[in-house]
Amino acid sequence: MSAREKIAYLKGLIDGQNLTDSPDKAKFYTALVDALDSLAVAIEEHEELHEELNSYLEQLDEDVSSLEDEIDELNEEFDDDDCCDDDDDDYEDFDEEEYESVTCPNCDSDFYYEPALYEQDEDLVCPHCGKPFKLPED
């Protein structure tokens, strides 16, 4: 039996037993039944919301499971040796002889720059703090 059915049954008992023989009792029982009816409405709304959320979570769970399956398949196909080959090429392009290390006088951060790209009196801009400074004299 639902909450509304129980409230309707209680209202029928009150009316059938003639418990509202005085205005005070009638007012009390009416207020009691109205309060219970309001609670029943709130419970029904929460049940509907709960069902919607449960349905949404089930869909999310299916989507996550599907993504996990796809990731597992990709990981099985992935060869660890392939990941390192591309990175090695990047390091081969870096020629230390073309670059010089410098320390920013503003923030004391070290970084590399390519002297061939700068003129002797040109300011160097620190990639860490963004402030320009003169290249050190050799």
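Quick note: structure is the one above.
Below you will find a few notes about this structure. Along each chain, residues carry numbers from 1 onward, in the same order as the chain's sequence is written. Reporting of local features is limited, given that this is a predicted model, to residues whose pLDDT is at least 70; pairs of side-chain atoms are given and counted only at 80 or more, and all residues count toward the totals for whole chains, interfaces and linings. Hydrogens are left out, water is left out, and the side-chain values use all remaining heavy atoms of the structure.

**Quick word on the state of the cysteines**
As a reminder of what qualifies: When two cysteine sulfur atoms are found within 2.5 Å, that pair is recorded as a disulfide. Three exposure classes are used, based on accessible area relative to the maximum for each residue type with a 1.4 Å probe and protein chains only: buried under 20%, partly exposed in between, and exposed over 50%.
Taken as a whole and judged by the stated rule, the model has 0 disulfides. Cysteine Cys129 shares no disulfide, and the gap to the nearest cysteine sulfur, in Cys104, comes to 3.7 Å. Under the relative-accessibility criterion, Cys129 is labelled partly exposed at 30%.

**Overview of the packing of aromatic side chains**
What counts is decided by this rule: Ring pairs are drawn from Phe, Tyr and Trp, using the six-membered ring of Trp, whenever the two centres fall within 6.5 Å, and their geometry is named by plane angle: stacked under 30 degrees, edge-to-face over 60, tilted for the rest. Comment: elements are numbered from the N terminus, with helices defined as DSSP H or I runs of at least four residues and strands as E runs of at least two.
Considering all chains together, one arrives at 3 aromatic pairs under this definition. On the basis of an interplanar angle of 75° and a centroid distance of 6.3 Å, the ring pair of Phe111 and Phe133 is categorised as edge-to-face. Pair noted here: Phe111 is in strand S2 (residues 110-113) and Phe133 is in strand S4 (residues 132-134), with a separation of 22 residues, a long-range link. Neither residue differs from the other here; Phe111 and Phe133 are each classed as buried.

**Points about the pattern of salt bridges**
Keep this limit in mind: Put simply, a salt bridge is a Lys or Arg side-chain nitrogen that is within 4 Å of an Asp or Glu carboxyl oxygen.
Summed over the entire model, instances satisfying the criterion amount to 3 salt bridges. In this structure, the salt-bridge partner of Asp37 is Arg4, at a minimum N-O distance of 3.7 Å. A residue pair is termed long-range when its members are at least 10 positions apart, and Asp37 in helix H2 (residues 23-77) and Arg4 in helix H1 (residues 3-16) qualify at 33 residues. Judged by its relative accessible area of 30%, Asp37 is partly exposed. Owing to a relative accessible area of 35%, Arg4 belongs among the partly exposed residues under this scheme. With its nearest N and O atoms 2.9 Å apart, the salt bridge here joins Arg4 to Glu44. You can see Arg4 sitting in helix H1 and its partner Glu44 sitting in helix H2, a full 40 residues away along the chain. A relative accessible area of 29% places Glu44 in the partly exposed class.

**A word on a nonpolar patch on the surface**
Test applied: Patch construction takes residues with relative accessible area above 30% that form no salt bridge. Like charges are linked within 9 Å, and nonpolar side chains (Val, Leu, Ile, Met, Phe, Trp, Tyr) are linked within 5 Å. Accessible surface area values rest on a Shrake-Rupley calculation with a 1.4 Å probe, where residue burial reflects the displayed protein chains alone.
On the surface, a cluster of nonpolar side chains totalling about 360 Å² of accessible area is made up of Met1, Tyr9 and Leu13. Structurally, Met1 is set in the segment before H1. Looking at Met1, the relative accessible area reads 69%, which means it is exposed.

**Re the pairing of S2**
We apply this condition: In this analysis, strands are considered paired if DSSP registers two or more bridges between them.
A one-sided burial pattern is seen for S2, the buried positions being Phe111 and Tyr113 and the unburied ones Asp110 and Tyr112. Bridge count between strand S1 (residues 100-103) and S2: 4 bridges; the pairing is antiparallel. In the sheet register, Val102 faces S2, and the bridge partner there is Phe111. Hairpin connection of S1 to S2: 6 residues between the antiparallel strands, including Asp108 at a positive phi of 60°.

**A few points about the environment of His128**
This is how the line gets drawn: Contacts are assigned to residue pairs with any non-hydrogen atoms lying within 4.5 Å of each other.
Structurally, the position occupied by His128 is in the loop between strand S3 (123-125) and S4. Sequence separation of His128 and Cys104 is 24 residues, and the distance between their C-alpha atoms is 8.7 Å. In contact with His128, not counting residues within four places along its chain, are Cys107, Ser109, Asp110 and Phe111.

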